[in-house]
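Breakdown of the fold
Residues per chain, in single letters:
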Amino acid sequence: SIIVIIIITASLQPNTKDGKTPLMDAALEASDETVSSLLSWGADPDKTDADGDPALIFAIHSKCLTTINLLAPVTKVDLGGALYWLARFKVDLTTGELRQLVERAAQDREAAIEGLEAAAKFGSSAMIEIIAKSTKDHSIFEANKEKLWMEATMSDNEATVSTLLHILPKPT
């Protein structure tokens, strides 16, 4: 009925004060059923808030893998930011959706660089490996070698340093 359409349409609109949508709120609260419903009703996962963050970033902040996995396959914006937060919160990248998100981000030079730097800084050797296997532009490693090594050594994470050693030589 018309009332249901109006209610659904209103539930998809952002709050004009901060630009957050109901999808972003549901993602932050890790409300999987609400996220799923809003997506099926046509909520735009790529709409961003006043800070430029899509719902996926809010899901990552919730640290709920189910919510993250609902949004990862349908999000197309700010993939570099998503990789940053996945690395910072040390989210397990073994689920298919998250691995595919990292693989997709690796196809974008800027997103891949942002992900590599965050992975080195926060000790996500798994992200470095996925990007290395997925990127078509391997020059990003050489071009960012010194920063990656600096971040990795400051993180004091042996697995990250070991992964980098396999990918690129240590700067002299």
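For the structure, check the block above.
Right, let's walk through the structure included here. Sequence positions are assigned chain by chain, starting from 1 and proceeding in written order. It should be noted that, the model being predicted, local features are given only for residues of pLDDT at least 70 and side-chain atom pairs only at 80 or more, the latter also being counted only at that level, while totals for whole chains, interfaces and linings use all residues. For side-chain calculations, the full set of non-hydrogen atoms in the structure is used, while hydrogens and water are omitted.

Quick word on the overall build of the protein chain
When helices and strands are counted, the protein chain shows 12 helices and 0 strands. Starting at the N terminus, helices and strands are each numbered in turn, a helix being any DSSP run of H or I of at least four residues and a strand any DSSP run of E of at least two. Listed by position from the N terminus, the elements making up the protein chain come as α-α-α-α-α-α-α-α-α-α-α-α. Residue exposure (1.4 Å probe, protein chains only): buried if accessible area is under 20% of the type maximum, exposed if over 50%, otherwise partly exposed. Within the protein chain, the proportion of its 172 residues that are buried is 44%. The contact criterion used is simple: two residues touch if any of their non-hydrogen atoms lie within 4.5 Å. Put simply, 66% of the contacts in the protein chain that link residues at least 6 apart link residues at least 24 apart. Per-residue and other accessible areas were derived by the Shrake-Rupley procedure at a 1.4 Å probe size, with only the shown protein chains allowed to occlude residues. In the structure as shown, the protein chain presents an accessible area of about 8900 Å², 53% of it carried by carbon and sulfur atoms.

What about the nonpolar core?
Within the largest apolar cluster, 49 residues are counted, with the highest numbers of intra-cluster contacts made by Leu 86, Met 127, Ile 131 and Phe 141. Broken down by element, this core gets its largest block of residues, 8 residues, from helix H8 (residues 109-122). For Ile 131, the contacting residues outside a window of four places in its chain are Leu 83, Val 102, Ala 106, Ala 112, Gly 115, Leu 116, Ile 140 and Phe 141. Put simply, buried Ala, Val, Leu, Ile, Met, Phe, Trp, Tyr and Cys residues joined by side-chain atoms within 4.5 Å make one nonpolar core.

A short note on the packing of aromatic side chains
When two rings of Phe, Tyr or Trp (its six-membered ring) have centres within 6.5 Å they constitute a pair, described as stacked for plane angles under 30 degrees, edge-to-face for angles over 60, and tilted for the intermediate range. All told, the structure shown has 3 aromatic pairs when counted by the stated rule. On the basis of an interplanar angle of 90° and a centroid distance of 5.1 Å, the ring pair of Tyr 84 and Trp 85 is categorised as edge-to-face. Note on Tyr 84 and Phe 122: the rings are 5.5 Å apart at their centroids and 80° apart in plane angle, and the pair reads as edge-to-face. Taken together, the residues Tyr 84 in helix H6 (residues 79-88) and Phe 122 in helix H8 connect sequence positions 38 residues apart. Residue Tyr 84 is classed as partly exposed on the basis of its relative accessible area of 22%. Put simply, the rings of Tyr 84, Trp 85, Phe 89 and Phe 122 pair up and form one aromatic cluster.

With respect to the side chain of Lys 20
Structurally, Lys 20 is set in the loop between helix H1 (2-11) and helix H2 (22-28). According to the relative accessible area criterion, Lys 20 is buried, its value standing at 18%. Only 3.0 Å separates the side chain of Lys 20 from the side chain of Asp 25, close enough to count as a polar contact. Side-chain atoms alone can form a polar contact between residues adjacent in sequence; in general such a contact is a pair of N or O atoms within 3.5 Å, and within protein one must be able to donate a hydrogen while the other accepts it.

Keep in mind these values describe shape, not function.
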